[in-house]
Amino acid sequence: MIITFDIGGTSIKYGLIDEKKGELTFVERGEVDTDAKVIKGPGILKKVESIIQENQKTYEIKGIAISTAGMVDAQKGSIIYANENIPEYTGMGLKAYYERVFGIPCWMENDVNAAALGEAVFGAAQGAQSALMLTIGTGVGGALIIDEQVYHGYSGSAGEIGYMWLNGKHFENTGSTTALVHYVEEKTSQKGLNGKIIFERAKQGDLMCVEAIDVLCRNIIQGISNCVCLLNPQVVVLGGGIMAQKEYLEPIMQKYMQKFLNEEMYRNTTLKFATLQNQAGMAGAYAYWLKQEL
């Protein structure tokens, strides 16, 4: 069995997969609160360790695969940088620690890279020669997959498209769920909104919410069109919580794809929505483990 993790600031998801089957089938899955602000990076290290130890009582675990928040040195298996969502996480060497404790191979990837790899190997971009994935949430994450391999760039920061400038702001300040909420709150002076509320109101005919979603889609596709001009991916995959609103979003996204891409690029770029949902990070970590070990 391979035990695979998706470590975030809010929760730690884990699952067990029989690597002999060569497919994404979870024998068992679980989830615990991270408590990142309380236990911080060292506490997370120990919490994951205890989950592995508990599952060793039932399964023969031959490898550890980790998807995690933060900038990751995938080869060294360490955290290059993590923000305040997970205090004292920067610099932690998870790979070296777990391989020393358990004596089995451990491989890890950044969570956005892992989600993209999961979609490329098992999900929406399966079979594509190249895929660009965006995760739309609090910010905007990005990852590029070429021939089922994550492209990390020179120093490991390829895909950090949330920091790309768009209309005088960082892309994540115009194309995220956070940006959507801020747009409506500023226009209406209402507080306590979220993406789900805004979509519900839009479907009921609230013109301000309809406008806000249209602006968000336009901004997202402007960002995507810039990436497409540079990278020419075969598939662009959209993930993140609000992308569950596929039926509402897809026609608007396609309208702006046709507007911002030239005819040749539009014809040769397929827009898809992620299919693995909250399993994507674990799936990608598992796929990365397989590519390193098998």
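Scroll up to find the structure this text is about.
A quick note: this is a predicted structure, and the numbers were derived from the prediction, not measured. (Residues numbered from 1 in each chain as written. Predicted model: local features only at pLDDT ≥ 70, side-chain atom pairs only at ≥ 80, totals over all residues. Heavy atoms only, no water.)

Visitor: Just to check I follow, could you spell out the sheet that holds strand β2 (residues 11–17) for this structure?
Guide: What links the strands of a sheet is backbone hydrogen bonding, and the strands pair in either a parallel or an antiparallel sense. Strand order in this open sheet of five strands is β3-β2-β1-β4-β7, and the pairing throughout is mixed. Two strands lie at the open edges of the sheet, namely β3 (26–33) and β7 (106–110), each paired on one side alone. Strand-to-strand twist of the sheet, defined as the mean angle between neighbouring strand axes without regard to direction, takes the value 15°. Helix α1 (residues 36–56) contacts β1 (2–7), β2, β3 and β4 (63–68) of the sheet and is inclined by roughly 150° relative to β1. (Pairing = 2+ DSSP bridges. Helix = DSSP H or I, 4+ residues; strand = E, 2+ residues; numbered from the N terminus. Axes fitted to C-alpha atoms, helices over the stretch in contact; angles between N-to-C directions. Contact = heavy atoms within 4.5 Å.)

Visitor: When you look at the packing of aromatic side chains in this model, what are you seeing that I'm missing?
Guide: Describing an aromatic ring pair means giving the distance of the ring centres and the angle of the ring planes. Tallied over the entire structure, the rule returns seven aromatic pairs. Among the aromatic residues, ring-to-ring pairing joins Tyr97, Tyr98 and Phe102 into one connected group. In this structure, arginine 29 packs its charged tip against the face of phenylalanine 26, placed 5.6 Å from the ring centre. Just above the ring of tryptophan 107 sits the side chain of lysine 95; from NZ or CZ to the centre is 3.7 Å. (Phe/Tyr/Trp six-rings, centres within 6.5 Å; stacked < 30°, edge-to-face > 60°. Lys NZ or Arg CZ within 6 Å of the ring centre and 35° of its normal.)

Visitor: Help me out: how do you make sense of the environment of histidine 152 in this one?
Guide: Position of histidine 152 among the secondary structure elements: in the loop between β10 (149–150) and β11 (165–166). Looking at histidine 152, the relative accessible area reads 22%, which means it is partly exposed. Expressed as a C-alpha distance, the spacing of histidine 152 and isoleucine 61, which sit 91 residues apart in the sequence, is 28 Å. When near neighbours in sequence (up to four residues on either side) are disregarded, histidine 152 contacts Ala74, Glu109, Asn113, Ser157 and Ala158. Side-chain polar atoms of histidine 152 contact the side chain of glutamate 109, separated by 2.4 Å. (Buried < 20%, exposed > 50% of the residue type's maximum accessible area, 1.4 Å probe, protein only. Polar contact = N/O pair within 3.5 Å; in protein donor to acceptor, adjacent residues only side chain to side chain.)

Visitor: Where do I start with helix α4 (residues 177–188) in this structure?
Guide: Structurally, the α-helix is built with 3.6 residues per turn, so residues lying three or four positions apart point the same way. Given a rise of 1.5 Å per residue, twelve residues ought to cover 16 Å, and the 17 Å separating the end C-alpha atoms of α4 matches this to within 8%. Those residues of α4 that fall on the buried side of the exposure criterion are Thr177, Ala179, Leu180, Val181, Val184 and Glu185. Tucked into the core, α4 has its buried residues touching β8 (130–136), α5 (195–203) and α6 (207–231). Downstream of α4 by a residue or two, serine 189 has a phi angle that is positive, lying close to 65°. (Expected span 1.5 Å × (residues − 1).)

Visitor: Mind showing me how you'd approach the sheet that holds β8 here?
Guide: Taken in spatial order, the five strands of this open sheet run β10-β9-β8-β13-β14, and their pairing is mixed. Every interior strand has two partners, whereas the edge strands, β10 and β14 (270–273), have only one. Against the sheet, helix α3 (residues 111–122) makes contact with β8, β9 (140–146), β10 and β13 (235–239), and its axis sits at roughly 45° relative to β9, the strand it touches most.

Visitor: Sorry if this is basic, but what is going on with the side chain of threonine 177 here?
Guide: On the secondary structure map, threonine 177 appears in helix α4. Those residues in contact with threonine 177, other than ones at most four positions away along the chain, are Ile136, Gly137, Gly195 and Ile242.

Visitor: Mind showing me how you'd approach the layout of surface pockets here?
Guide: Vacant regions in the atomic arrangement are exposed by a probe of water-molecule size rolled over the atoms. Roughly 350 Å³ of internal volume is contained in the second largest pocket. In terms of lining, the second largest pocket is formed by 19 residues, of which the most central are Lys169, Asn173, Thr174, Ala179 and His182. Where the lining of the second largest pocket is concerned, the elements lending two or more residues are α4 and α6. Sort the elements by how many residues they give to the lining of the second largest pocket and α4 lands first, with seven residues. (1 Å grid on protein atoms, 1.4 Å probe; cavity = no way out; pocket = protein on both sides within 12 Å on 5 of 7 lines; lining within 4 Å. Points joined across faces, edges and corners; volume = space filled by probe spheres on them.)

Visitor: Can you help me understand the environment of methionine 71 in this one?
Guide: Along the chain, methionine 71 turns up in strand β5 (residues 71–73). Since its relative accessible area comes to 25%, methionine 71 is described here as partly exposed. Placed 201 residues apart in sequence, methionine 71 and lysine 272 show a C-alpha to C-alpha distance of 26 Å. Excluding residues within four positions of it along the chain, methionine 71 makes contact with Ser78, Ile79, Ile80, Tyr81, Ser157 and Glu160.

Visitor: When you look at the side chain of asparagine 219 in this model, what are you seeing that I'm missing?
Guide: By secondary structure assignment, the location of asparagine 219 is in helix α6. On the basis of relative accessible area, asparagine 219 is assigned to the buried category, the value being 7%. A distance of 3.1 Å separates the side chain of asparagine 219 from the backbone oxygen of threonine 174, its partner in a polar contact. Setting aside anything within four residues of it in sequence, one finds asparagine 219 in contact with Leu166, Asn167, Phe171, Thr174 and Gly175.

Visitor: How do you make sense of the pairing of β9 when you look at a structure like this?
Guide: On a regular strand, each side chain points to the face opposite its neighbour's, so the side chains alternate between the two faces of the sheet. Extensive coverage of β9 is indicated by the burial of six of its seven residues. Direction of pairing for β8 relative to β9: antiparallel, over a ladder of seven bridges. Note that in β9 the partner of leucine 134 across the bridge is glycine 142. Where β8 folds back onto β9 in an antiparallel hairpin, the turn is made up of three residues. Linkage of β9 to β10, two consecutive antiparallel strands, is achieved through a turn of two residues, within which aspartate 147 is found at a positive phi near 50°.

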